[in-house]
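Each chain is listed here by its residues.
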Amino acid sequence: MNNIMDRRDFIRVVSTTGSGLVLGLYLPYTNKLNGKTKAATIFEPNVWIKVHPDNSVLIMVGKSEMGQGVLTSLPMIIAEEMDLDWSTVKVQQAPADKDKYGSQMTGGSRSIASSWKQLRKAGATAREMMISAAAKEWGVPAGDCTTKASHVIHNMSNRKMSYGSLTEKASQVPIPRRVSLKNPKQFSIIGKNIKRKDTQPKLNGKAQFSMDVQLEGMVYATVVRSPVFGGQLKSFDEASISDIQGVIKIFKIENGLAIVARSIWVAIKAGKRLKITWDKGENDALDSNKIKALLVEKSKKQGAIARKKGNVKKAIKSSDNQVEAVYESPFQAHATMEPMNCTADVQKNKCRIWAATQAPARAQKKAAKITGLPIKKVELNVTYLGGGFGRRSINDFVNDAVEISMVMEKPVKMVWTREEDMQHDYYRPTSLHVMKGAIDNENHLTAWTHRVVAPSILFSQLVKMPFPFKEKLDIISVEGAKNIRYDIPNILVDYRMANTPVPVGWWRSVYDSQNAFANECFMDELAEAAGKDPLQFRLELLPKSSRERNVLTLLAEKAGWETFNSGPYYQGLSFHKSFGTYVAQVARVTVKDNTIKVGEIHCAVDCGTVINPSIVDAQISGAIIYGLSAALKSKITVSNGRIDQSNFDDFDVLRMDETPKIHVHLIESDAAPSGVGEPGLPPAAPAVANAVYAATGKRIRRLPITYQDII
Amino acid sequence: MKIFTLNVNGKQHSISVEADAPLLWVLRDELGYTGTKFGCGRGLCGACTVHLDGEATRSCMTTVEFAEDSEITTIEGLSEDGTHPVQQAWFEEDVPQCGYCQSGQIMTAVSFLNRNPNPTEADIDSAMKMNICRCGTYPSIRKAINRAADKQLSADE
């Protein structure tokens, strides 16, 4: 049995893959762990790759496709190292299976960055096994063979074999311990504008979102939650909907009241009309003013130190040019286009789930807990996600569907209304930022203090997520504040936790969104106090030939920062590094007819190696647009313990006619790739706010920016 | 419950539902045309846009009773194989990200281009501003509409 790795080899191969992969990444074709022998006609060197005899290759994708392009960009990495003919590559979203695929958690702009090495090795390993198989067949040294477009080639004898014709032989080849990766100069797939694999089904109605799953014998449900956070169900009056035909059952579940009906429409209609009495609990009197007062109160005392450099007190004292400002930002909802929903079929011995989730393994684990079934009996299929932005990393909607199906003993499609979705989100936290800066006699910035006051996401989810947590320092809350990139001699960044009953969660770019707004607007205030141009002021504080400086320099050049003539448009600048990626933006804004209009945004990006430039462009542009919604239009407020907004009329977002021309400029780099899903967002609001100042002379210190604030 | 006959994508369907049932849910759950999406339920986002006799219509705000006498077209009926010029333009520009709003975007664009085959940028913005996309595909949608319009014009010449 020399064709099969022994257990020791198996583990060694796994350990060389790095990236903290769990056991089980590399499965030999005979799966010893399961004791089953598979037919060797499909070559399956690892869990990601299946080469079929017809020379097509199926690549499994372990991260959730929520629009960011992972179904295309991750397979591109494998295809590059394996030298695949891209036109014959098929892709498939993997179901939840932590043991097989490792972490499937999709978020933090990490999909490419965390898979890069692992998938390159997976592809290179498969390629090498193909070469070994062909070389053996031809009786030539493997070193004389090359590969191209899913074929092994022996140039000297002018012979070639397709990968598909080698599947059986390649399956006999021992998995190599070491493989060499390509020199980036040889890349022919990475770096190309390759079309997305999921485009076609998204144009003809065939793409399956969890909302679209139809099962035999299915019933439909919606859930109504207590409008006041923390409220509990007291009673409901079934007679109030007795005239609605088709309601099957109404019952309490953990998160609220489930209404099951013969169609979603009937469930929604019944849910809206049903008279429900809630025990409002203790949050009934909560409102946005009280939350603001809490943040202001908290801001008066020093919090947990996140960063300390030099002696800010001394530096501020010795300066006679000091600037102080307070910035604030509101709660934000995610408002994904597809409202939360899930389809579940809980049976006696197994459970099947179709969910649009960013956290498949956690959803699966929780479903096992709810049903009492072993994890292996919970099949969780990840469908397309109709938007994620962090919302779908919390699986409350999956739990709802599982609970309801368990009671009904039937397949159930559970759909929240838009109103439930908006009023029961895990919101981007509101925040307050107290800033101080000092400038010396030679107009150099000598001191910087930033106090972040905000609810803590980590604290609210601590039970589930044991992160480092000392002296009430939520390390995530100060992301982008503690690691401000400017070289300032004296820095103090501290954090005061201000928790409220409003649930908080991960929202595209998380706290970097608020911290960058405060940082970069305040930088402009300091530049003015120092009598310097905002670009020059920043460049002076960044080391020569640093990535920060390069990205700002490229931006200035591409946008024509120095030669731009103000009026009717005015320009503002910002820079922020988040999720490993360096981003600088220039926004051009006009203020007239009661409207702030952003006409144009230039954005320079250094995200290391670019896998697919058009996907990067789409992600950066999309993040800017999402950021502009929050900068100019939307906010979540609270009255009587509940969210005021409920749909797209009172939570308005950016529309096409308000969308600026966006120009994305990518830095050429062969550094390891970093994230692009989120980093485009944080610089958008401050660039616009700084441009509004240039246009009107009014400093913007509160989001969203409204016309009323500047007149 | 009442029996209604709907003409969807050239096919007749008889269904028994409440007269006030929105066309959206009838299309999706009774007839299986799931390409039409639920986004807001109040005609505010455009994800549910279909054509009634060629006119872009919010199916979440249209009762099945009202739709009975119309020719209904959903994204599935726009072309047999995704080759309608607007779908093609969307494909060329690789427009979708999450894709959830795109059926509605395409249906709105098709009916708009039928009315106005040679639109200005301002015409496009104005026609499309009631369709929300949270991924921010607006710049690509603009390009795709221009591409479809150019193609349409050159085909007419």
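These figures come from a predicted structure and were not determined experimentally. Throughout this document, residue positions are counted from 1 along each chain, in the order its sequence is written. Written order decides the labels, with chains lettered from A and ligands numbered from 1. Local features in this predicted model are restricted to residues of pLDDT 70 or higher, and side-chain atom pairs are both shown and tallied only at a pLDDT of 80 or more, whereas totals for entire chains, interfaces and linings draw on every residue.

**Thoughts on helix 17 (residues 684-696) of chain A**
Every α-helical turn comprises 3.6 residues, leaving residues that sit three or four positions apart pointing alike. All names here are of chain A. Our working rule: Helix numbers and strand numbers start at the N terminus; a helix is a DSSP run of H or I with at least 4 residues, a strand a run of E with at least 2. Expected span of a helix, by definition, is 1.5 Å for each gap between consecutive residues, and there is one gap fewer than residues. Exposure in this text rests on C-beta crowding, where 20 or more other C-beta atoms within 10 Å of a residue's own make it buried, 12 or fewer make it exposed, and counts in between make it partly exposed. The C-beta atoms are placed from the backbone.
Given a rise of 1.5 Å per residue, 13 residues ought to cover 18 Å, and the 18 Å separating the end C-alpha atoms of helix 17 matches this to within 8%. Where burial is concerned, most of helix 17 is hidden: 12 out of the 13 residues are buried. Buried within helix 17 are the following residues: Ala684, Ala685, Pro686, Ala687, Val688, Ala689, Asn690, Ala691, Val692, Tyr693, Ala694 and Ala695. After helix 17 finishes, the residue Gly697 shows a positive phi value of roughly 75 degrees.

**With respect to the sheet that holds strand 5 (residues 57-61) of chain A**
Backbone hydrogen bonds hold the strands of a sheet together, and the pairing may be parallel or antiparallel. All names here are of chain A. Put simply, the rule reads: We treat two strands as partners when DSSP finds at least two bridges between them. Axis definition: a line fitted to C-alpha atoms, limited for helices to the stretch in contact. Angles are taken between N-to-C directions and run from 0 to 180 degrees.
Taken in spatial order, the 4 strands of this open sheet run 3-4-5-6, and their pairing is mixed. Here the strands that pair on one side only, and so sit at the sheet edges, are strand 3 (43-46) and strand 6 (89-93). Going from strand to strand, the sheet's axes swing by 20 degrees on average, the running direction of each strand aside. The pairing of strand 5 with strand 6 spans 5 bridges and is parallel. Paired with Val61 across the strands is Gln93, a residue of strand 6.

**Focus on the domain arrangement of chain A**
Residue and element names in this part refer to chain A. Using the following cut-off: Domain borders in the structure are assigned automatically or taken from a domain database. Polarity classes work like this: nonpolar for Ala, Val, Leu, Ile, Met, Phe, Trp, Tyr, Cys and Pro, charged for Asp, Glu, Lys and Arg, and polar for all others, with Gly in that last group.
Each assigned domain of chain A is listed with its residue range as follows: domain 1 (7-202), domain 2 (210-281 + 340-415) and domain 3 (288-332 + 426-710). Computed over C-alpha atoms only, the centres of domain 1 and domain 2 are separated by 38 Å. In terms of residue class, the side of domain 1 that touches domain 2 is built from 4 nonpolar, 6 polar and 2 charged.

**Digging into the pairing of strand 26 (residues 595-606) of chain A**
All names here are of chain A. Looking at chain direction, strand 25 (residues 581-592) and strand 26 are connected through 11 bridges and run antiparallel. Across the sheet, the residue bridging to Tyr582 is Asp606, located in strand 26. Between strand 25 and the antiparallel strand that follows it, strand 26, lie 2 residues; Asp593 among them carries a positive phi value of about 50 degrees. By the bridge criterion, 6 bridges tie strand 26 to strand 29 (residues 661-666) in an arrangement that is parallel. In the sheet register, Ala604 faces strand 29, and the bridge partner there is His665.

**A closer look at the domain arrangement of chain B**
Residue and element names in this part refer to chain B. Our working definition: By definition, residues are in contact whenever their C-beta atoms, placed on the basis of the backbone, come within 7 Å of each other.
You can read the domains of chain B as domain 1 (2-76) and domain 2 (85-156). The gap between the C-alpha centroids of domain 1 and domain 2 is 22 Å. On the side of domain 2, 12 residues touch domain 1, which itself brings 15 residues to the contact. Those elements giving two or more residues to the side of domain 1 that touches domain 2 turn out to be strand 3 (49-52) and strand 4 (55-58). Ranked by residues supplied to the side of domain 1 that touches domain 2, first place goes to strand 3 with 3 residues.

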